[in-house]
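Chain residues, written in single-letter form:
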Amino acid sequence: MIMAAIAAFLTVRAVSAISDDHGNFLTTFEWNTSSRPMVFGIAVLVYGTIVSSIIAMLIAVPVAVGIALFISHYAPRRLATPVAYVIDLLAAVPSIVYGLWGALFLVPHLTGLYKWLDDYLGWTKIFEYNDGTPRSLFTVGILLAIMIIPIVTSVSREVFRQVPQMHEEAALALGATRWEVIRMSVLPFGRSGIISASMLGLGRALGETMAVATVLSPNYLINASLLDPGGGTFAQNIASHFKEADGPARDALIASGLVLFVITLLVNGAARLIIARRKEYSGAAA
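Cut-off values and rules
Residues numbered from 1 in each chain as written. Predicted model: local features only at pLDDT ≥ 70, side-chain atom pairs only at ≥ 80, totals over all residues. Heavy atoms only, no water. UniProt positions renumbered as here; feature names shortened; annotations may be inferred. 1 Å grid on protein atoms, 1.4 Å probe; cavity = no way out; pocket = protein on both sides within 12 Å on 5 of 7 lines; lining within 4 Å. Points joined across faces, edges and corners; volume = space filled by probe spheres on them. Helix = DSSP H or I, 4+ residues; strand = E, 2+ residues; numbered from the N terminus. Phe/Tyr/Trp six-rings, centres within 6.5 Å; stacked < 30°, edge-to-face > 60°. Buried < 20%, exposed > 50% of the residue type's maximum accessible area, 1.4 Å probe, protein only. Core = buried A, V, L, I, M, F, W, Y, C linked by side-chain atoms within 4.5 Å. Contact = heavy atoms within 4.5 Å. Nonpolar A, V, L, I, M, F, W, Y, C, P; charged D, E, K, R; others polar.

The protein chain goes by Phosphate transport system permease protein in an unreviewed UniProt entry, where it is assigned to Streptomyces bingchenggensis. The UniProt entry for the protein chain carries the following comment under Function (unreviewed entry): "Part of the binding-protein-dependent transport system for phosphate; probably responsible for the translocation of the substrate across the membrane." Database annotation for the protein chain, UniProt heading Sequence similarities (unreviewed entry): "Belongs to the binding-protein-dependent transport system permease family. CysTW subfamily."

## As for the layout of surface pockets
If you add up the space inside the largest pocket, you get close to 420 Å³. Lining of the largest pocket is provided by 17 residues; of these, Ile71, Ser72, His73, Arg161 and Glu168 occupy positions nearest its centre. Sorting the residues of the lining of the largest pocket by element identifies helix H2 (43–74), helix H3 (77–90), helix H6 (137–161), helix H7 (165–173) and helix H8 (178–207) as the ones contributing at least two each.

## A short note on the UniProt feature "transmembrane region" (unreviewed entry) in the protein chain
The UniProt record marks residues 41–71, 83–107, 137–156, 193–216 and 252–275 with the feature "transmembrane region" (unreviewed entry), using the residue numbering of this structure. Annotated as residues 41–71, this span is 94% helix and 0% strand, and its ends, taken at the C-alpha atoms, are 45 Å apart. Regarding residues 83–107, the helix share stands at 80% and the strand share at 0%, and the terminal C-alpha atoms are separated by 26 Å.

## So, the UniProt feature "domain: ABC transmembrane type-1" (unreviewed entry) in the protein chain
Sites flagged by UniProt as "domain: ABC transmembrane type-1" (unreviewed entry) map to residues 46–271. Taken end to end, residues 46–271 is 75% helix and 0% strand, and its two terminal C-alpha atoms sit 21 Å from one another.

## Some details on the packing of aromatic side chains
Scanning the entire structure with this criterion turns up seven aromatic pairs. With a centroid separation of 5.3 Å and 90 degrees between ring planes, the pair formed by Tyr114 and Tyr129 is classed as edge-to-face. You can see Tyr114 sitting in helix H5 (residues 111–121) and its partner Tyr129 sitting in the loop between H5 and H6, a full 15 residues away along the chain. Across the pair, Tyr129 and Tyr114 agree in class, each one buried. Taken together, a centroid distance of 6.0 Å and an interplanar angle of 70 degrees make the contact between Tyr114 and Phe138 edge-to-face. With Tyr114 in helix H5 and Phe138 in helix H6, this residue pair connects regions lying 24 residues apart in the sequence. Taking relative accessible area as the criterion, Phe138 reaches 11% and is therefore assigned buried. Every member of this aromatic cluster is reached through a ring pair, and the members are Tyr114, Phe127, Tyr129 and Phe138.

## A few points about the nonpolar core
One recurring pattern in soluble globular proteins is that nonpolar side chains are buried together. Of all hydrophobic cores here, the largest spans 47 residues; its most connected members are Phe138, Leu143, Leu144, Phe160 and Leu227. Taken together, the elements giving at least two residues each to this core come down to H2, H3, helix H4 (95–106), H5, H6, H8 and helix H9 (210–215). Those residues within four positions of Leu144 in sequence are excluded, and the remaining contacts are Ser52, Ala56, Ala205, Glu208 and Val212. Ranked by size, the runner-up nonpolar core spans 25 residues in total, among them Ala17, Trp31, Ala255 and Leu258.

## Let's talk about empty space enclosed by the protein
If you roll a probe as big as a water molecule over the atoms, it shows you where there is empty space left. On inspection of all chains with the given rule, the structure shows one cavity of 30 Å³ or more. Considered as a void within the structure, the largest cavity measures approximately 70 Å³ in volume. Surrounding the largest cavity, Tyr47, Ser136, Leu137, Leu221, Ile222, Asn223, Ser225, Leu226, Asp228, Gly230 and Gly231 form its lining. When the residues that make up the lining of the largest cavity are grouped by side-chain class, the tally is five nonpolar, five polar and one charged.

## Some points on the environment of Gly41
You can see Gly41 is positioned in the loop between strand E2 (39–40) and H2. It is 26 Å that separates the C-alpha atoms of Gly41 and Leu143, two residues lying 102 residues apart in sequence. Among residues more than four places away in sequence, those in contact with Gly41 are Asn24, Phe25, Thr28, Glu30 and Trp31.

Below is the structure:
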């Protein structure tokens, strides 16, 4: 009922705003709600939200799975326990703290990485660097990756711990190495759990607000290079404009929020469906 009430509220306000929009809500590369008539669209916001989240997933998932495997199958207990505690503690850090760290430390130290990417991958135009401030979607993706690593690691670690001990012992008895045991027994068993953990992390990345607003230099252009400053996301755009928005302008922000709501709902719903296929991954059988 709560979800239905939220959806109904967002839909009513969104319909009101879109009816007053003198641009195309889906394809307009502009957000000008202070003028009359209003002209706004979500094309840049959709692109920025999806691209930054994909970058975050490409970085975070391999790292998180590696950490989970290290904790569950490689590290001795005296080391695994504090490492797991530190990783879980990262999930408790407020978003604004990540944002401040990203703006004051991460952004100034990314110039070297950007130049390296330009030297070796600049020919692709995707990683072409033009000596601007590293406040781009790529920087946002790196910061989001750091923020979602604890979520993916925690769920993946619990999945790996539920692998039947007999499967691992049987592989070892046949002469398999530790990595072969992981490749043949652990990863196949935990595949669905890794996917669901990744999708839960993706849901966090899609809706992140303050950290993104702190490190991104927003504009309403889609740049060919991921290293060029600019871009925007749904959550960042709402946080940046909500305070000074009047009634119609606020409805426009709510319309963009409805799109984000639908995207996030689909992602988390898909994650729950994957977990439901194998109930033991959800911890229900623990």
